[in-house]
Structure formats: structure tokens, C-alpha cells
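# Remarks on the overall topology
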Amino acid sequence: MAGAGKTTLMSRLQASSAQYGHRSYLMNLDPAVRTLPYRPAIDIRDNVNYKQVMQDYKLGPNGAIMTALNLYATKFDQVLGILDKRASKVDSVFVDTPGQIEVFTWSASGSIISESIAATHPTCIVFVVDAVRASSPTTFISNVVYACSVMYRMRLPLVLAFNKADACPAMEPLRWLTDYESFQEALDRDTSFAASLSHSLGLMLEEFYSTLRAVAVSAATGQGVDALLGAIEATRPLYAELQAEKKAEMQRKREAAAVNQERVAEDRLREFQAHRAGEDEDDADADADA
């Protein structure tokens, strides 16, 4: 989420990885960011000028970010080539994406980039949430809806990171994820329309979000970063399972397409044979008349 501190968290992840001798590789895909607290090995800003895109295409901020990502996606095979060369020298690749969910998650370029990486490298999503904002049950369920939508859009493992735990311990949101009763009790103290809607959303989505991995972290102090790295590592089996499902689904689609193609070919052959039979009958009738 925008403003949740994901870029600062990226810097903390890099520092913590280096502390434990974990070789990390950082990539920035936010073309609009002005300064970064870390030095990315791959930076979209080296190839795409965000302000120039705004001027050339007469776009607003979000439109320019999306267009910049579209332009970058056309050359992303070069990025994959770099990652493949570095694979033996790197333990983890951290990718910093734009905070606007609709710009990356729901765009064609976002799907191309994430699917391209996930096709050859174990991948998971870290969905960073502002713990201070999520301390309200209505805001909490809004973030959960976003997280579920991202997870099912990308079809990748997802870890919820409640950032800014130094300012808000995030004990309530973490308990709400696994204890639906406590979440309902918190909502009962709110009589607004938003609370009523949150009741319905919570009941509908509880089966999904109760299985999410979640940790409380602080990008400012480093609190909980070890737990976050552990949660990320623990998603490997789920990644393998999801990739197997994707491959099986693609195989089914290929088989269905082959069957459909064969059926179309047979239909065309029958039409052709019927047409030829009709022509032969016409020729026979003509010969008889003669």
C-alpha cells in the first residue's frame, strides 16, 4: 500500500540480509520515486524518464507510471537475463514496486513482469500494510481485501507485513487474522455503515485471510525483520505447489485447444466432402440431361 513504508522496508531488508551474510539483489520498479534509501542493482529510472513520459504522452502521475512500466516490460527479457547470470551469486532478489496497487497489480505490464520472474525463480509477494491505520477494524478488513485481491490476481504466495510496529505493535490486526470472534467484537463497537459492510466482508473472506502468513515489522528499527525473512523463506513449498497447478492448468488448456482444433478440422473436412458430393451430383445430373 502507498505510504506504508515499503521502500524503507526494502532498505532494512538489504541491511539485515547483509548482516547475516545473505546475498541480496535489489531492483526498483517505481519510475516516479525521487530518492531511495538503498542502491538498487537494477533501476527502472536508468531506462525510463518518468517526467519525460508525462510530457510526451500528456499523462497524469498514475498514467505515466503505468506507461513507464509498459515501456520497461517490453525489454524485461534483458532484466531476466541479468538475473539468470547472477543466480549463482545471489540468495534473494527484492523488487520494489509502485505503491499504487492498480498501477502494478492490475496492469498488463505488472502481470508480465511478475509472471516472468515467477516462471524461473521462486517468488512471493510481500504486501506491506501501515500497522497504525490497520488498527481500526474497518481499515484492517479493507487492507485484507486488497491483499486477497493481489494474491489471487498474481497467484503467488503472499506475506502480510504490518509495518511501523515501533509506533503500533499490530497485536490487534495479527489476532484478527486468526480470531474471527475478536474481529467481530471490535466491529460491534462501531455502528457506522462501514462497520456493517466490514461485518459482511469479514464473514465472506475469513476462510481466505485466516491462512495468510503475517508478521509485525518496523522498517525504522528492524524489529520483526528476521521473522519476515523467515516467513518469506517458508513460502517456497506453496510457490512450488502453485507453479505445479499453473503448469497442469496450461497443459489442460493445450490439450483442450488441440481437441478443439482437431474438431474444427474434422468439421471443415466434412463440409468439404459434402460440398464435393453435391458438386458430383450436379455433374451427374448434367450428364444425364445431356
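Up top is the structure these notes are about.
Definitions and limits used
Residues numbered from 1 in each chain as written. Predicted model: local features only at pLDDT ≥ 70, side-chain atom pairs only at ≥ 80, totals over all residues. Heavy atoms only, no water. Buried < 20%, exposed > 50% of the residue type's maximum accessible area, 1.4 Å probe, protein only. Helix = DSSP H or I, 4+ residues; strand = E, 2+ residues; numbered from the N terminus. Pairing = 2+ DSSP bridges. Axes fitted to C-alpha atoms, helices over the stretch in contact; angles between N-to-C directions. Salt bridge = Lys/Arg side-chain N within 4 Å of Asp/Glu carboxyl O. Phe/Tyr/Trp six-rings, centres within 6.5 Å; stacked < 30°, edge-to-face > 60°.

### Structural notes on the pairing of strand S3 (residues 92-96)
Residues Ser92, Phe94 and Asp96 line the buried face of S3, whereas the alternating positions Val93 and Val95 sit on a face that is not buried. The sheet contact formed by strand S1 (residues 24-28) and S3 spans five bridges and is parallel. Along S3, the bridge assignment pairs asparagine 28 with aspartate 96.

### Side note on the sheet that holds strand S2 (residues 42-43)
Pairing is parallel in the open sheet, where three strands are placed in the order S2-S1-S3. This sheet does not close on itself; its edge strands, each paired only once, are S2 and S3.

### Examining the sheet that holds strand S6 (residues 213-216)
Strands sit in the order S4-S5-S6 across an open sheet of three strands; the sheet is parallel. Of all the strands in the sheet, the pair left with one neighbour each is strand S4 (125-130) and S6. Ignoring which end each strand starts from, the neighbouring axes of this sheet average 25° apart.

### Side note on unusual backbone geometry
We note that arginine 155 has phi near 55°; this positive angle belongs to a residue other than glycine. For arginine 155, the location among the structural elements is in the loop between helix H7 (137-154) and strand S5 (158-163). The exposure class assigned to arginine 155 is partly exposed, which follows from its relative accessible area of 34%. Even without being glycine, alanine 170 reaches a positive phi, approximately 65°.

### Some points on the pattern of salt bridges
Here the idea is simple: oppositely charged side chains can pair when their charged atoms come close. Tallied over the entire structure, the rule returns ten salt bridges. When the shortest N-O distance is used, the salt bridge between lysine 253 and glutamate 249 registers 3.4 Å. Here glutamate 249 and lysine 253 lie together in helix H12 (residues 236-289), a separation of four residues that amounts to about one turn. Residue class for lysine 253 comes out exposed when judged on its relative accessible area of 55%. Exposure remark for glutamate 249: the relative accessible area of 22% places this residue in the partly exposed category. Among the charged side chains, a network of salt bridges with common partners joins Asp130, Arg133 and Lys164.

### As for the packing of aromatic side chains
Centre-to-centre distance and the angle between the planes together describe a pair of aromatic rings. Taken as a whole and assessed by the stated rule, the structure comprises five aromatic pairs. Where phenylalanine 140 meets tryptophan 176, the ring centres are 5.3 Å apart and the plane angle is 65°; that geometry is what we call edge-to-face. Linking phenylalanine 140 in helix H7 with tryptophan 176 in helix H8 (residues 171-178), this pair joins segments that are 36 residues apart in sequence. On the numbers, 6.4 Å between centres and 50° between planes, the contact of tyrosine 180 with phenylalanine 183 is tilted. Taken together, the positions of tyrosine 180 and phenylalanine 183, both in helix H9 (residues 180-188) and three residues apart, correspond to about one turn of that helix. Grouping residues by exposure puts tyrosine 180 and phenylalanine 183 together as buried. An aromatic cluster is defined as three or more aromatic residues linked by ring pairs; in this entry it consists of Phe140, Trp176, Tyr180 and Phe183.

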